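Fold and contact review
Listed below are the residues making up each chain.
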Amino acid sequence: MSLDEDARWLEWITKQFETIAGEDKEIDLDEFKTALKVKESFFAERFFALFDADGSCSISLDELLKALQLLIHGSETDKLRFLFQVYDVDGKGVLGRPRLWHYQVELTHFPVGSGSIDPDELRTVLKSCLRESAISLPEEKLDDLTLALFESADKDSSGSITFEELKAELESFPEVMENLTISAANWLKPPVMEQKKRQTPRYLTPAYWHNNSRKLLFLFSYVCLNVLLFTLAALRHAAGGPCFMVAKGCGQCLNFNCTFVMVLMLRRCLTWLRATWVVRVLPLDQNILLHQTVGYAILIFSLVHTLAHLMNFVRMTQAQGAYHLWEYLLTTRPGIGWVGGTASITGVVLQLLICLMVLCSCTFVRRSGHFEVFYWSHLSYIWVWVLLVVHCANFWKWFVVPGFVFLLEKVMGMAESRMGGLYIVEVNLLPSKVTHLVIKRPQFFHFKPGDYVYINIPAIAKYEWHPFTISSAPEQQDAIWLHIRSMGQWTNRLFEYFRQLEPQAGSTKRLSTSLRKRQRGGKAQEPLHSASCSGTVASSRDDTIELTSYRRSHQPHEAQGSSTEQLGQAECGESPHLRQSSAKLNDNHRFCDIKCFVEGPYGTPTRQIFASEHAVLIGAGIGITPFASILQSIMYRYRMRKQNCPNCNYSWCETIKDGEMKLRKVDFIWINRDQKSFEWFVSLLTKLEMDQADEEPEGLFLEMHMYMTSALSKNDMKAIGLQMALDLLAKKENRDSITGLRTRTQPGKPEWNKVFQKVAEENKGKVHVFYCGSLALAKLIKAHCEQFGFKFYKENF
């Protein structure tokens, strides 16, 4: 800290102390816990005991400031002594006294100790570290962590760790020593420590203009076209006065925008254009953003258009007196409009519908679990177009061609979705309320990695269609996978429907036989991937968490005669009773035959990944789903290039670029809030790790980076011991204790400057960053991409 920052920090601490301490000007243990914002009382008690220099069971402002001054300005040894005292659970300060406070503690729950740390004390500390970081591990794994750190630190094998041994161990982790200094000043850090320096707004930097050139050029052209349309229409009606000119100008812009907003949602056309040179000229990847922009423009133009007409009606009422204002607005008597004088009435209704659609499209509606409100209100676009044709004499000229294409797309989508007769044949209920659907894939269904589909499940909601990314690879010919996180009404109903689904009478024998065949077939084949549903550490060796996947060879062959006839009826569109039955393999896994309809597939920005040289895939939470398909497809192509020496076990991968894949390096970054969020997909990642050659001429082709944001980062003193133990055990076992992967799970949030700096230094070619997740994080990552000159793509629905 600088002197200025230190002064502000101490001023804030004094203010916080006065707020927390109250009238007695002392902080007790409960108040100290609140101030420190710790989850685990162990650390609060340890810190409180060390801060309480006089043993009065309370901390004065003077004691607090002296302690924090030491942790900020004290030597590295002083800070290490403090850390050692925290870990020496039964200690009472026999190691000596630092300069600014005494370690005498009179609390009864801290008896006199030996001045060293034994294995049981270390285990107690690590257990509290795990709770503080919201990490759940088996007792056996906690023992392994304790022994790994203890054996590494106990240099003389004396059975205890002295201060000098702990200091030597910490020095072998230079990044921990660096963070120890930082963490000491962060305990009671104010929310905003430093004042932001004045800097050029991001939208005015050359990097932003360079990386967003297509979008900016498109928006500039869009604005110019609207200005031109407004000007020409206004000049054409100059005789009607200023208000009439404004109304006509906005009306002409509405003709264009109410048609263009539809063009931006022609998904099939956009998917086709992504495979052409047009994708390098037009910002096709931002069609959702542009659709929203045009929607807001429609709202503004319509409000101005309505206001201008209203003012014109007021002028006509005062000048002519033939009709009252309400007659101009709500009746057909003035005869305004080309269809029975209905322009005013249809205009009022259109204004209400447009306002309703924009309001229900806002983020706070769509993201707050009320997607159905957005969905049903948005369907009023049909009435908007009908009323626009009646309202405006020229709108049909703008609408006829795009409207025909839109109608053709809808008819094709309905035909394809109804022809397939698709069925959900398997369901897995995964941690974090993720529903994994396995759908029998029809022969005519072709898609690319990262594509998405709209799915309708009549058993959940007969008329609702929702978009989800396909999580299986195109190379998997027999099934389509969807992973759906329960975040709204429809997704929660989906999860609960399959959770409560029970076998029905009359089909038990047929299903039992089918299950036996599936299980016998499954033993002969290696499962494609597995995921943890109940264990705390997911790994490829855990037989109890295996996820099966649908295979054609597993279909029951004994269902002949009447069953065959029923199946034939089902393929023709009927749904026989047997298709609603299900069988549980366990509490979270079911085989079933639930009818569904799928529309798509539709392309996304991730189609550009195979044209990249260095791809960085960033998924936040359920945002991994598009990358699940991509990673599987990438590794399939990687295996096609993989070479093995016939005389030894050495393997490598050719780095030849071809038309199918130009990739030289892939970095996959997965950010999750908690441990459970990793379990549902980690075994697929384990398989991908195993598929890679251990040694390659240019390093690993696929490099994974896992982050757990709920875990305390290494700049927090309450987590230093745990992170050291996890590092040591990961090196010893060659796998991470949290996920079971070879890749070590990092605590906290990624430091994007360091992440992208490392990517830039690898020099593997042009870097393209693909992201799927929350909008807030997307803005942050995009800003860093602009800083490093990386191309940024975001998944949009």
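Residues numbered from 1 in each chain as written. Predicted model: local features only at pLDDT ≥ 70, side-chain atom pairs only at ≥ 80, totals over all residues. Heavy atoms only, no water.

What follows is about the overall build of the chain. Secondary structure summary: the chain contains 29 helices and 17 strands in total. In the chain, which comprises 797 residues, the proportion classed as buried is 53%. Residue pairs at least 24 apart in sequence account for 71% of intrachain contacts in the chain once pairs closer than 6 positions are excluded. (Helix = DSSP H or I, 4+ residues; strand = E, 2+ residues; numbered from the N terminus. Buried < 20%, exposed > 50% of the residue type's maximum accessible area, 1.4 Å probe, protein only. Contact = heavy atoms within 4.5 Å.)

Before going further, it helps to spend a moment on the pattern of salt bridges. The full count for this structure, using the stated rule, is 16 salt bridges. The partner of Glu-703 in a salt bridge is Lys-758, with the nearest N and O atoms 3.4 Å apart. Pair noted here: Glu-703 is in strand E14 (residues 702-708) and Lys-758 is in helix H28 (residues 752-762), with a separation of 55 residues, a long-range link. Taken together, the shared-partner salt bridges in this structure form one network comprising Lys-665, Asp-667, Glu-703, Lys-758 and Glu-762. (Salt bridge = Lys/Arg side-chain N within 4 Å of Asp/Glu carboxyl O.)

Moving on: the packing of helix H11 (residues 213-236) against helix H14 (residues 287-320). H14 packs onto H11 with a crossing angle of 25° between their chain directions and a minimal axis gap of 12 Å. Between H11 and H14, the interaxial angle falls into the category roughly parallel. For the element pair H11 and H14, the recorded crossing hand is right-handed. Two secondary-structure elements touch here, H11 through Lys-215, Phe-218, Leu-219, Tyr-222 and Asn-226 and H14 through Leu-289, Leu-290, Val-294, Ala-297 and Phe-301. Split into classes, the residues belonging to the contact of H11 with H14 amount to 8 nonpolar, 1 polar and 1 charged. (Axes fitted to C-alpha atoms, helices over the stretch in contact; angles between N-to-C directions. Parallel < 35°, antiparallel > 145°, perpendicular 65-115°, else oblique. Left-handed = near helix turned anticlockwise from the far one by under 90°. Nonpolar A, V, L, I, M, F, W, Y, C, P; charged D, E, K, R; others polar.)

So, about the nonpolar core. Ile-609, Leu-617, Ile-634, Phe-668, Trp-670, Leu-685 and Leu-702 are the most contacted members of the largest nonpolar core, which has 85 residues in total. Here Leu-685 is in contact with Leu-631, Phe-668, Trp-670, Met-704, Met-706 and Leu-741, once residues within four sequence places are set aside. Counting residues in hydrophobic clusters, the runner-up holds 32 residues, among them Phe-256, Leu-264, Phe-301 and Phe-406. (Core = buried A, V, L, I, M, F, W, Y, C linked by side-chain atoms within 4.5 Å.)

Let us now look at the pairing of strand E2 (residues 434-440). Extensive coverage of E2 is indicated by the burial of 6 of its 7 residues. Across 6 bridges, strand E1 (residues 422-430) lies against E2 in antiparallel orientation. In the sheet register, Asn-428 faces E2, and the bridge partner there is His-436. The loop that links E1 with its antiparallel partner E2 comprises 3 residues; one of these, Ser-432, has a positive phi angle of about 65°. Bridge analysis of E2 against strand E5 (residues 479-485) gives 7 bridges, and the strand direction is antiparallel. Across the sheet, the residue bridging to Val-434 is Arg-485, located in E5. (Pairing = 2+ DSSP bridges.)

Mapped onto the fold, Arg-441 is located in the loop between E2 and strand E3 (452-456). Once the C-alpha coordinates of Arg-441 and Tyr-423 are considered, the two residues, 18 residues apart in sequence, prove to be 8.8 Å apart. Separated by 2.9 Å, the side chain of Arg-441 and the backbone oxygen of Gln-476 make a polar contact. (Polar contact = N/O pair within 3.5 Å; in protein donor to acceptor, adjacent residues only side chain to side chain.)

Below, the discussion takes up the confidence of the model for the chain. Averaged over every residue, the pLDDT of the chain is 75; residues scoring 70 or more account for 75%. Within the model, pLDDT remains below 50 along residues 181-185, and this stretch shows 9 contacts once partners closer than five positions in the same chain are excluded. Note that residues 503-585 has pLDDT below 50 and, in this model, 158 contacts with residues that lie over four places away or in other chains. (pLDDT = per-residue confidence, 0-100.)

Below, the discussion takes up helix H16 (residues 343-360). Look at H16: 26 Å from first C-alpha to last across 18 residues, which is about the 26 Å you get at 1.5 Å a residue. Considered for burial, the residues of H16 that qualify are Ala-343, Ser-344, Thr-346, Gly-347, Leu-350, Gln-351, Leu-353, Ile-354, Met-357, Val-358 and Cys-360. Buried-residue contacts for H16 involve H14, helix H15 (325-330), helix H17 (363-366), helix H18 (371-378) and helix H19 (381-391). (Expected span 1.5 Å × (residues − 1).)

Turning next to unusual backbone geometry. Geometrically, the link from Gly-600 to Pro-601 is a cis peptide bond, its omega value of 10° lying close to zero. Of note, Pro-601 is situated in strand E9 (residues 589-602). A positive phi angle, near 65°, is found at Cys-57, a position not held by glycine. As for its placement among the helices and strands, Cys-57 is situated in the loop between helix H3 (41-51) and helix H4 (61-73). Non-glycine residue Ser-157 carries a positive phi angle of around 55°. Tracing the chain through its elements places Ser-157 in the loop between helix H7 (139-153) and helix H8 (163-171). Taking the relative accessible area as the measure of exposure, Ser-157 reaches 63% and is therefore exposed.

Within the open sheet, the 6 strands sit side by side as E15-E14-E13-E10-E16-E17. Their pairing is parallel. The strands lining the two open edges of the sheet, one partner per strand, are strand E15 (745-747) and strand E17 (791-794). Averaged over neighbouring strand pairs, the angle between their axes works out to 20° when direction is ignored. Here strand E10 (residues 614-620) pairs with strand E13 (residues 665-672) via 7 bridges, running parallel. Residue Leu-617 lies in a different strand from E13, and its bridge partner there is Phe-668.

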